[in-house]
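Structural overview
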Amino acid sequence: MESLLAGCIGFLTACGVFLMLRGRTFPVVVGLTMLAYAVNLFLFSSGRLTLQGAAVLGTTDNYADPLPQALVLTAIVIGFAMTAYLVILAIRARADLGNDHVDGKLPETESSRKESR
Amino acid sequence: MTLLWILLLPLLGTLVPVLTANWRRSACATATAIPPAIALMLLFYHSSAIFAGESFRYTLGWIPLLGLDVSIRLDGLAFLFSLLILGIGLLIILYARYYLSEQDSMPRFYAYLMLFMTAMMGIVLSNNVLQLWLFWELTSISSFLLISFWWHKSEARRGARMALTVTGAGGLCLLAALLLLGQITGSYDLDVILASGAVIQQHAWYPLVLVLFLLGCFTKSAQFPFHFWLPNAMAAPTPVSAYLHSATMVKAGIFLLARFYPAMAGTDLWFLLVSMTGLTTLLVGAYLALFKHDLKGLLAYSTISHLGLITLLFGMGTDLAAVAGVFHIINHATFKASLFMAAGIIDHESGSRDMRKLNGLWHFMPITATLAMVAAAAMAGVPLLNGFLSKEMFFVETLQQHLLGSLSWIIPVLATVAGVFSVAYSTRFIHDVFFNGKPKGLTKTPHEPPRYMRMPVEVLVVLCILVGIAPGYIVGDLLHAASSSVLGGTVPEYSLAIWHGFNVALLMSVVALAGGALIYINRKHLFDFQNTLPGVDAINTFELAMKSLAKRCQQFYGRLDNGSLQRYLVFLLSAVVVLAGLPLLQLDTLFGGRPELPVDAVNATGAAMLLITAFATVVFHRQRVVALLMISVVGLMVSIAFTRFSAPDLALTQLSVEVVTIILLMLALFFLPHKTPKQSSPTRVIRDISLASMVGVVIGSISYAIMTRPFNTISDYFLANAKTGGGGTNVVNVILVDFRGFDTFGEIAVLGIASLGIFKLLTRIPVFKPSSDGEGRPWALERHPVLLATVSQSLLPLALMVSVFIFFRGHNLPGGGFIAGLVTAVALILQYIAHGVEWVKSRMNIEYQRVVAVGLMIALVTGVASWLFNKPFLTSWFDYFDIPLLGKIELASAIAFDAGVYVTVVGSTLLILASLGKMTTSHRPVHTESI
């Protein structure tokens, strides 16, 4: 099970990183969201995996580690706030700059370079 | 304490000329001279003890924990240098009073001069190497100001820049060396470093430290190949040249050689580097000095040559050589400062420094001429003058060294050659300027300077003669004290007599004098030869080199910083791969020994769905709506994973956050293009894929390594105390609102700030509002579907009830403020979607930014309330009450805190989504024709 989850975390990270490396804002936001999933799972898994062991007193003998859960819970909410902030920044940037490239300007392509000559 | 005053007085003196700027010139000069004069007296007060071999220390605690103190040490060497700095400094103040014209700002000059004096005093008196370095840099800066004093002249500015660049770069090397020394010895205290010579020299870093250290010394003391800045610094006013470039600043490097002699010297590497650099400098300086037509240029190269001589003496490694070095420091300072001042007088009173024009000045200024001739004779090493004595000692030492094995005989020969040239240029200085016909083309008729302008020269020349005739009486004690602190206490037997009998050294002196005269007589041939050589314009070469260096740096920097965020991210991620991947390579196996849980069909299916949808998100990322749908499935699978692995709170949070995130991204797509154009080149895609895979592999491996390792959690404390200390059985929630309540408070504050930032970002945004979707299809006419409107309205009370339920049970069962807040927010957002902003606003007109503030206030007040009971911030309280009908219930202050969390989450989420949603719905353009 651990190897499966680790594989999932790695794959989510890879997908997130790939999307973050794209040039337009929306895929970057999606990539960050994906990376946030991976990070949350990663942090959560640092408390090791437990089945049938919710950290509610009196329900089981083998409690899952509650501390990473508490940390990840706030991380999820803050992650949402950050995603939202990024999205709004992207919208604002497109409105002010007229394009949705992460650098705020479209990269020079071969054809546009030729035109400017 | 008096020690501190010796250092502080020149510093205070920096202010004196500024404050007395409006006084008469003489009054201003006198006032400026007072602080260094007092400092000099304080110094003399210590003289008898210093000559008796004592040394003084004074420490003023500053940051003792870091080992940073203001630390002063006065020993023989520091005494000698302080004497030179303060004594010659006073003479320079007097001299500059007459040298500077009415147009020059004398207070500014004096202020710079005093600043420089402070810096030099700081170097020689420091007992902490970092403090020493600080003053070292201050000399570079203050000398920059002094050299560029006539900043309207281009050569002054260029010379000053060059000096600052060279000495500043050397200063950085020195800093590195001193820091390394601090690392090796474990202390920045000079006493400790000097006492740990053996440790330093056996350390593996010693060669590096030595090279860096010597770079600092050699740049400052204008040693070959860094000598070129000194002639160009001659653009400075002559008092500056006399002070900085003969007696003090260029001696700072020599001072360091002497100061660190016990710690650094004694190895073959030291001998090789120091003596060979010194020898080369000695020869190059002496040779080039002969060909300079500018008086100050000649003196500058002569200074370089003499500095090389002293360096060579310190590089020889014998105790007697070090004594000779110290002796020559004294002698050189006296005769060279007086020569510079004499050159300044000549320049001042005849209007030129060019030796091709200046001839026969003997008739116009006989007294100055006599003084200059005596000083020049001392420079040449004529007997009965001080220069002769130290040069004699130098020749003796060259004969006794064995630096180059069987080739060692070459050093005395080369020393004699340098002596020959030294005599030649000294002769030229005397003969060309004061004799050799009549002046040619001078703008004014030369005459004697004012009485007091000549006085500093007289003082120094008298010293030259006195030392030359009775060295033992005049400088015996001083030399002994200074040498003893250089050599660490033991001074070898030496005699300061004028006459040592007929020996080889005397022969060398005679050869130098005769050879020098011969060369001077036949100088025409040598000049012709020199003129055929291609000249090197140091300043232009240097500036070209600097320019190309700056250009290279810019090119390199441009490659790093080309404005592309994608490129920065690639650098950053590559660093992650390297830094996180390298330790993994050293790990034998990832598996840590903790047995894995078995994989069942449910888990495998979930994982497969996660992987497939994540992959699909990437594949379809250019079709943004599809990607959004795919990633929502990923989020769903993540929340299921949380459920599976015993984290119900996380699952609930993830689920509700997922809903709001997707709604948010949907809204965002209204303003952003719906498709991503294909722009990345195939190579770029391959690069990104490989980089992303590497990051993924590294992170996945780390995750696996962590999960399979047994561990000790600190959570047992929380599990044990949740019920008894926090009054709840849902440990996750108790941690959030109680144990780590302060963290949670910070987190909801961040949430609130983010939502307020978004609110501000969206005001007055010049949005582009499309009238159709990305493929040209108009928006649906039916804005709010009836079905959704009806269902959502009836769903609202239900959803609110659920959220209240989740909120209250949160302390004991999965739930709590975060989740309840998100559920409420989702229920309200559904109303916006179903009915539109106006509909909701007419029924529920709340400003969400106020809600955020109220939520944060509730949380804050709950925390502060514990102060009323003399408990720390956010201490929770709970008790059980028996209430009729409801039975025994628990009331805890943590509930109030959780309510603050709830309100903040609701307010922030709605603020974000409602602000954005408002913009999509109000005044949306509609295609009328496309019905």
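Residue numbering note: each chain is counted from 1, following its sequence as written. Numbering of ligands from 1 and lettering of chains from A proceed in the order in which they are written. Totals for whole chains, interfaces and linings use every residue, but because this is a predicted model, local features are given only for residues with pLDDT of at least 70 and side-chain atom pairs only at 80 or more, for both listing and counting. Hydrogens are left out, water is left out, and the side-chain values use all remaining heavy atoms of the structure.

Quick word on the overall build of chain A
Numbering of helices and strands starts at the N terminus; helices are DSSP runs of H or I of at least 4 residues and strands are runs of E of at least 2. When its secondary structure is counted, chain A shows four helices and zero strands. Listed by position from the N terminus, the elements making up chain A come as α-α-α-α. Whether a residue is buried, partly exposed or exposed follows from its accessible area with a 1.4 Å probe, protein chains only, as a fraction of its type maximum: under 20%, in between, or over 50%, in that order. Every one of the 117 residues in chain A was classed for burial, and the buried ones make up 59%. Computed with a 1.4 Å probe, the accessible areas rest on the Shrake-Rupley method; for each residue, only the protein chains presented here act as cover. When the accessible surface of chain A is split by element, carbon and sulfur atoms take 59% of a total near 4300 Å².

Regarding the overall build of chain B
The number of helices and strands found in chain B is 39 helices and four strands. Across the 931 residues of chain B, 53% fall into the buried class. Residues are treated as being in contact if the distance between any of their heavy atoms lies within 4.5 Å. In chain B, of all internal contacts separated by at least 6 residues, the share reaching a separation of at least 24 is 79%. Approximately 39900 Å² of chain B is accessible, and the part contributed by carbon and sulfur atoms is 69%.

Some thoughts on the interface of chain A and chain B
At the interface, 81 residues of chain A touch 111 residues of chain B. Surface buried jointly by chain A and chain B totals about 8700 Å² across both partners, of which 78% is contributed by carbon and sulfur atoms. Here, a salt bridge means any side-chain nitrogen of Lys or Arg that lies within 4 Å of a carboxyl oxygen of Asp or Glu. At the junction of chain A with chain B, the criterion picks out two salt bridges. Here aspartate 688 of chain B and arginine 22 of chain A are joined by a salt bridge, their closest N and O atoms 2.2 Å apart. Any pair of nitrogen or oxygen atoms within 3.5 Å is treated as a polar contact; in protein, a donor-acceptor pairing is required on top of that, and neighbouring residues in sequence qualify only through side-chain atoms on both sides. Seen at the junction of chain A and chain B, the total is 23 residue pairs in polar contact (both at pLDDT 80 or more). Those elements giving two or more residues to the side of chain A that touches chain B turn out to be helix H1 (2-20), helix H2 (25-45) and helix H3 (66-97) of chain A. The element that contributes the greatest number of residues to the side of chain A that touches chain B is H3 of chain A, accounting for 25 residues. Residue polarity follows a fixed list, in which Ala, Val, Leu, Ile, Met, Phe, Trp, Tyr, Cys and Pro are nonpolar, Asp, Glu, Lys and Arg are charged, and the others, Gly among them, are polar. The residue makeup of the side of chain A that touches chain B, split by class, is 53 nonpolar, 18 polar and ten charged. Simply put, the buried area is the total loss of 1.4 Å probe accessible area from both parts when two parts are fitted together.

Some points on the packing of aromatic side chains
All names here are of chain B. Ring geometry is summarised as follows: Phe, Tyr and Trp rings, the Trp one being its six-membered ring, pair when their centres sit within 6.5 Å, and such pairs are stacked at plane angles under 30 degrees, edge-to-face over 60 and tilted between the two. Tallied over the entire structure, the rule returns 25 aromatic pairs over all chains. For the pair phenylalanine 51 and phenylalanine 79, a centre-to-centre distance of 5.6 Å together with 80° between the ring planes defines the contact as edge-to-face. Of this pair, phenylalanine 51 sits in helix H4 (residues 47-51) while phenylalanine 79 sits in helix H5 (residues 76-99), and the two are 28 residues apart along the sequence. A relative accessible area of 1% means that phenylalanine 79 is categorised as buried. Counting every residue linked through ring pairs, the aromatic cluster contains Tyr287, Phe291, Phe421 and Phe527.

Section: the pairing of strand S1 (residues 56-63) of chain B
Note on strand geometry: in a regular strand, side chains alternate between the two faces of the sheet. All names here are of chain B. Two strands make a pair as long as DSSP finds a minimum of two bridges between them. With seven bridges connecting them, S1 and strand S2 (residues 68-74) associate as antiparallel partners. Counterpart to isoleucine 63 in the pairing with S2 is leucine 68. In this antiparallel pair of consecutive strands, S1 and S2, the connection spans four residues, and glycine 67 shows a positive phi of 75°.

Focus on the nonpolar core
Among the buried residues, those of types Ala, Val, Leu, Ile, Met, Phe, Trp, Tyr and Cys that are joined through side-chain atoms within 4.5 Å form a nonpolar core. Counting residues in hydrophobic clusters, the biggest one holds 191 residues, and the most contacted among them are Phe213, Trp229, Phe260, Met264, Trp270 and Phe314 of chain B. When residues in this core are grouped by element, the largest group, 18 residues, is from helix H18 (residues 319-350) of chain B. The contact partners of tryptophan 229 of chain B, leaving out residues within four places of it in the chain, are Met162, Ala163, Val166, Thr167, Thr219, Lys220, Ala222, His245, Met249 and Val250 of chain B. Within the second largest apolar cluster, 115 residues are counted, among which are Leu49 of chain A together with Leu569, Ala614 and Leu762 of chain B.

As for the pattern of salt bridges
Residues and elements named next belong to chain B. What the rule picks out here adds up to 23 salt bridges over all chains. Across the pair aspartate 432 and arginine 523 runs a salt bridge, and its minimum N-O distance is 3.8 Å. With a gap of 91 residues between them, aspartate 432 in helix H21 (residues 410-434) and arginine 523 in helix H25 (residues 523-532) connect regions that are remote in the sequence. The salt bridge partner of aspartate 600 is arginine 644, with a shortest N-O separation of 2.5 Å.

What about the confidence of the model for chain B?
Per-residue confidence for chain B gives a mean pLDDT of 88; residues scoring 70 or more make up 97%. For this predicted complex, the interface confidence score (ipTM) comes to 0.92, while the overall pTM stands at 0.68. pLDDT expresses, on a scale from 0 to 100, how confident the predictor is about each individual residue.

Digging into helix H34 (residues 741-762) of chain B
All names here are of chain B. By definition here, a helix of n residues has an expected span of 1.5 Å times n minus one. With 22 residues, H34 ought to run about 32 Å at 1.5 Å a step, and its terminal C-alpha atoms sit 32 Å apart, in line with that. Burial in H34 covers these residues: Gly741, Thr744, Phe745, Ile748, Leu751, Gly752, Ala754, Ser755, Gly757, Ile758, Leu761 and Leu762. Once H34 finishes, arginine 764 follows within two positions and takes phi at roughly 55°, a positive value.

Examining unusual backbone geometry
All names here are of chain B. For the peptide bond that leads from phenylalanine 224 to proline 225, omega is 5°, which places it in the cis range. Positionally, proline 225 belongs in the loop between helix H11 (206-220) and helix H12 (229-232). In this model, asparagine 436 sits at a positive phi of 60°, which is unusual for a non-glycine residue. A residue is classified by how much of its surface remains accessible, and asparagine 436, at 33% relative accessible area, is partly exposed.

Observations concerning the packing of helix H17 (residues 295-316) of chain B against H18 of chain B
Residue and element names in this part refer to chain B. Their axes nearest at 9 Å, the elements H17 and H18 cross at an angle of 175°. As far as their axial angle goes, H18 and H17 are roughly antiparallel. In terms of residue class, the contact of H17 with H18 is built from 18 nonpolar, six polar and two charged. Only the stretch in contact is used when fitting a helix axis, every axis being a line fitted to C-alpha atoms; angles between N-to-C directions are given from 0 to 180 degrees. Each angle is binned into one of four classes, with values under 35 degrees roughly parallel, values over 145 roughly antiparallel, values of 65 to 115 roughly perpendicular, and all other values oblique.

Here we look at the environment of threonine 74 of chain A
Locating threonine 74 of chain A in the fold gives a position in helix H3. When sequence neighbours within four positions are dropped, the list of residues in contact with threonine 74 of chain A reads Leu736, Glu747 and Phe818 of chain B. Within polar-contact distance, the side chain of threonine 74 of chain A engages the backbone oxygen of leucine 71 of chain A at 2.9 Å.

Some remarks on the environment of methionine 637 of chain B
Residues and elements named next belong to chain B. You can see methionine 637 is positioned in helix H29 (residues 624-644). The class of methionine 637 is buried, set by a relative accessible area of 9%. Look past the residues within four positions of methionine 637 in its chain and what remains in contact with it is Gly606, Met609 and Leu610.

Quick notes on the side chain of lysine 251 of chain B
Residue and element names in this part refer to chain B. Residue placement: lysine 251 occurs in helix H14 (residues 249-259). Within the buried set, lysine 251 has no salt-bridge partner at all; the shortest N-O distance to an opposite charge, 17 Å, is to aspartate 75. A polar contact is formed between the side chain of lysine 251 and the backbone oxygen of serine 246, at a distance of 3.0 Å. In this tally Asp and Glu are treated as negative and Lys and Arg as positive; neither His nor the chain ends contributes.

Looking at a nonpolar patch on the surface
Only residues whose relative accessible area exceeds 30% and that form no salt bridge are eligible for patches; like-charged ones are grouped when within 9 Å, while nonpolar side chains (Val, Leu, Ile, Met, Phe, Trp, Tyr) are grouped when within 5 Å. A contiguous nonpolar surface patch, about 500 Å² in accessible area, is contributed by Leu404, Leu407, Trp409, Ile410, Val413 and Val417 of chain B. The topology assignment puts leucine 407 of chain B in the loop between helix H20 (386-400) and H21.

Observations regarding the side chain of threonine 904 of chain B
All names here are of chain B. Structurally, the position occupied by threonine 904 is in helix H39 (residues 893-921). What makes threonine 904 buried here is its relative accessible area of 0%. Residue contacts for threonine 904: discarding those within four places in its chain leaves Ile748, Val852, Gly855 and Leu856.

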